[in-house]
Amino acid sequence: MIRILMVFVALLIAVLVGSLIFDDKGYVFIDFAGYVVEMNVFSMAIMTILVIVGLLLFSWLIKKLIMIISGSKNWLGNWGSRKKKRAFTNGLIALAEQNYLEARKQLASIEQEDFDGLNLLAAAEAELQLQNPAGAQENWRLATSYPKSAFAARLCLVRDHLQNQRPVKALEILDELEDKQKRQRSVLILRAQALVQAGKWQELKDRLPSWKKALGEHYEHYMQLASKGNFAEIASKEGANQLKENWHSLPKSTRRDPALQAAYVKQLIDQGMHIDAEAALGEYHKNKPHPMLLPLYKELKLSQPTTSLKQLEQWLKADDMNVELLSTLGAVAYNAKDFSLAEKALSKAIKLANRQQDILLLAKIKESQQDNQQALELYKQSLAQPNELSRTD
């Protein structure tokens, strides 16, 4: 249409220029059924152009009417598409604004539309926030039918199963993923969580070495859980002595893993084998304090923890301002009834960090010494300090 108009404009300009060049506007005489029309060439050209443009516009209107009468809905489709996109946008905005009822309303109106499943993922989140897990699960299941959102939807379903203690169903979904997806870090973490919930300790323990690089800082955590569960099974079924035999039958390279060591020592403590636990800590924890092994010293219940005290005091010579070492020394001494050493270590730790756990332990020491006034003051002081476990969580 535009091209045709441009052609006629060009013709009009040509006629105008021609009339100016030749200084002759020409003459046109038309006699039709008694009607006479007289005009110059320039006027006739303008009239012709106007007539043709009018005919083109009329033709365009006729075509549109025919399309509407014949059932074509393109013009309605364009309007409908804009409405759907607006609903999708409004739904996402409402979700971000935590207006979950409005988000549900907007996204429900486009539930059957193709937004690559993104609308369904957003609708699932809205249902989840509205305490409707069944609605969220249904939206996730629908989203798995869209290639671009299928992976994300399956991960959401896995997390939902794990949150509701359904590890078997979570593992079934994870097994259906593509090989490339199975190697992703987020998937490996979810699989590790599912294996922990399912109590499949040996399988987790066997898989973890190949996942070590991908899991990164999560590796030691899951290795300790897997080992702890595995060792607990051995101890409960075959006894503590079999546990020790099983441990010493492992390759030396395996026994160097701090996560495995921590799990083994913890199981020895749980079995009441505190002397063996101290010996294991002394053997595997020589060079410097390890965050996975150091807390286990506090659980030792020994009247003469000579090896542990010697090790802790040696480390403190190199770092006498280390609060965690002082706290651990205080706990070991307290369990050994060496209240003098415990009080000395804990008092210094409290001066450096003023932690609740150290204050409470020192209060117990004062209470055992019949120093009730000082014990009461320490208990009051502990109330003003945050609980380390709660803060960690």
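Residues numbered from 1 in each chain as written. Predicted model: local features only at pLDDT ≥ 70, side-chain atom pairs only at ≥ 80, totals over all residues. Heavy atoms only, no water.

Per an unreviewed UniProt entry, the chain carries the name Heme biosynthesis HemY N-terminal domain-containing protein and comes from Paraglaciecola mesophila. Among the UniProt annotations of the chain, the heading Subcellular location (unreviewed entry) holds the following wording: "Cell inner membrane". Regarding the chain, the UniProt comment filed under Function (unreviewed entry) reads as follows: "Involved in a late step of protoheme IX synthesis." (UniProt positions renumbered as here; feature names shortened; annotations may be inferred.)

## A short note on the layout of surface pockets
When its volume is computed, the second largest pocket comes out at roughly 300 Å³. Around the second largest pocket, the lining is made up of 14 residues, and of these Gln 224, Lys 228, Lys 266, Leu 296 and Glu 299 lie nearest the centre. Those elements that place two or more of their residues in the lining of the second largest pocket are helix 12 (219-238) and helix 15 (258-270). Here the lining of the second largest pocket takes four residues from helix 12, the largest share from any one element. For the lining of the second largest pocket, the per-class residue count stands at seven nonpolar, two polar and five charged. (1 Å grid on protein atoms, 1.4 Å probe; cavity = no way out; pocket = protein on both sides within 12 Å on 5 of 7 lines; lining within 4 Å. Points joined across faces, edges and corners; volume = space filled by probe spheres on them. Helix = DSSP H or I, 4+ residues; strand = E, 2+ residues; numbered from the N terminus. Nonpolar A, V, L, I, M, F, W, Y, C, P; charged D, E, K, R; others polar.)

## Re the pattern of salt bridges
As enumerated under the stated definition, the model contains 15 salt bridges in all. Salt-bridge contacts for Lys 84 lead to Glu 113; the nearest nitrogen and oxygen are separated by 3.3 Å. One end of the pair, Lys 84, is in helix 3 (residues 74-96); the other, Glu 113, is in the loop between helix 4 (100-108) and helix 5 (118-129), with 29 residues separating them in the sequence. On the basis of relative accessibility, which here comes to 33%, the residue Lys 84 falls in the partly exposed class. Salt-bridge contacts for Glu 138 lead to Arg 141; the nearest nitrogen and oxygen are separated by 3.6 Å. Of the two residues, Glu 138 and Arg 141 both sit in helix 6 (residues 133-143), three residues apart, roughly one turn of that helix. (Salt bridge = Lys/Arg side-chain N within 4 Å of Asp/Glu carboxyl O. Buried < 20%, exposed > 50% of the residue type's maximum accessible area, 1.4 Å probe, protein only.)

## Quick look at the environment of Cys 156
Within the secondary structure, Cys 156 is located in helix 7 (residues 147-163). Along the backbone, Cys 156 and Arg 141 are 15 residues apart, and their C-alpha atoms lie at a distance of 9.6 Å.

## Here we look at the side chain of Gln 356
Examined against the element boundaries, Gln 356 turns out to sit in helix 20 (residues 356-368). A polar side-chain atom of Gln 356 sits 3.1 Å from the main-chain carbonyl oxygen of Ser 382. (Polar contact = N/O pair within 3.5 Å; in protein donor to acceptor, adjacent residues only side chain to side chain.)

## Observations concerning helix 12
Between its terminal C-alpha atoms helix 12 stretches 28 Å, which fits the 28 Å expected from 20 residues at 1.5 Å a residue. On its buried face, helix 12 sits against helix 10 (185-198), helix 11 (201-215), helix 13 (240-249) and helix 15. Just beyond helix 12, the residue with positive phi is Gly 239, at close to 100 degrees. (Expected span 1.5 Å × (residues − 1). Contact = heavy atoms within 4.5 Å.)

## Side note on the packing of helix 17 (residues 306-318) against helix 18 (residues 323-335)
Relative orientation of the contacting elements helix 17 and helix 18 amounts to 160 degrees, with a least axis distance of 10 Å. Classified by the angle between their axes, helix 17 and helix 18 sit roughly antiparallel to one another. The way helix 17 lies across helix 18 gives a crossing that is left-handed. From helix 17, Ser 308, Leu 309, Leu 312, Glu 313, Trp 315 and Leu 316 reach across to helix 18, where they touch Leu 325, Leu 326, Thr 328, Leu 329, Val 332 and Ala 333. When grouped by side-chain class, the residues that make up the contact of helix 17 with helix 18 number nine nonpolar, two polar and one charged. (Axes fitted to C-alpha atoms, helices over the stretch in contact; angles between N-to-C directions. Parallel < 35°, antiparallel > 145°, perpendicular 65-115°, else oblique. Left-handed = near helix turned anticlockwise from the far one by under 90°.)

## Things to note about the packing of aromatic side chains
Under the criterion given, the structure shown has seven aromatic pairs. Relative to Phe 115, the ring of Phe 88 lies with its centre 4.6 Å away and its plane at 25 degrees, an arrangement referred to as stacked. Of this pair, Phe 88 sits in helix 3 while Phe 115 is found in the loop between helix 4 and helix 5, placing the two residues 27 residues apart along the sequence. Classification of Phe 88 by relative accessible area gives buried; the value is 15%. Plain terms: the ring middles of Trp 247 and Tyr 264 are 4.4 Å apart, the flat faces sit at 5 degrees to each other, and that makes the pair stacked. (Phe/Tyr/Trp six-rings, centres within 6.5 Å; stacked < 30°, edge-to-face > 60°.)

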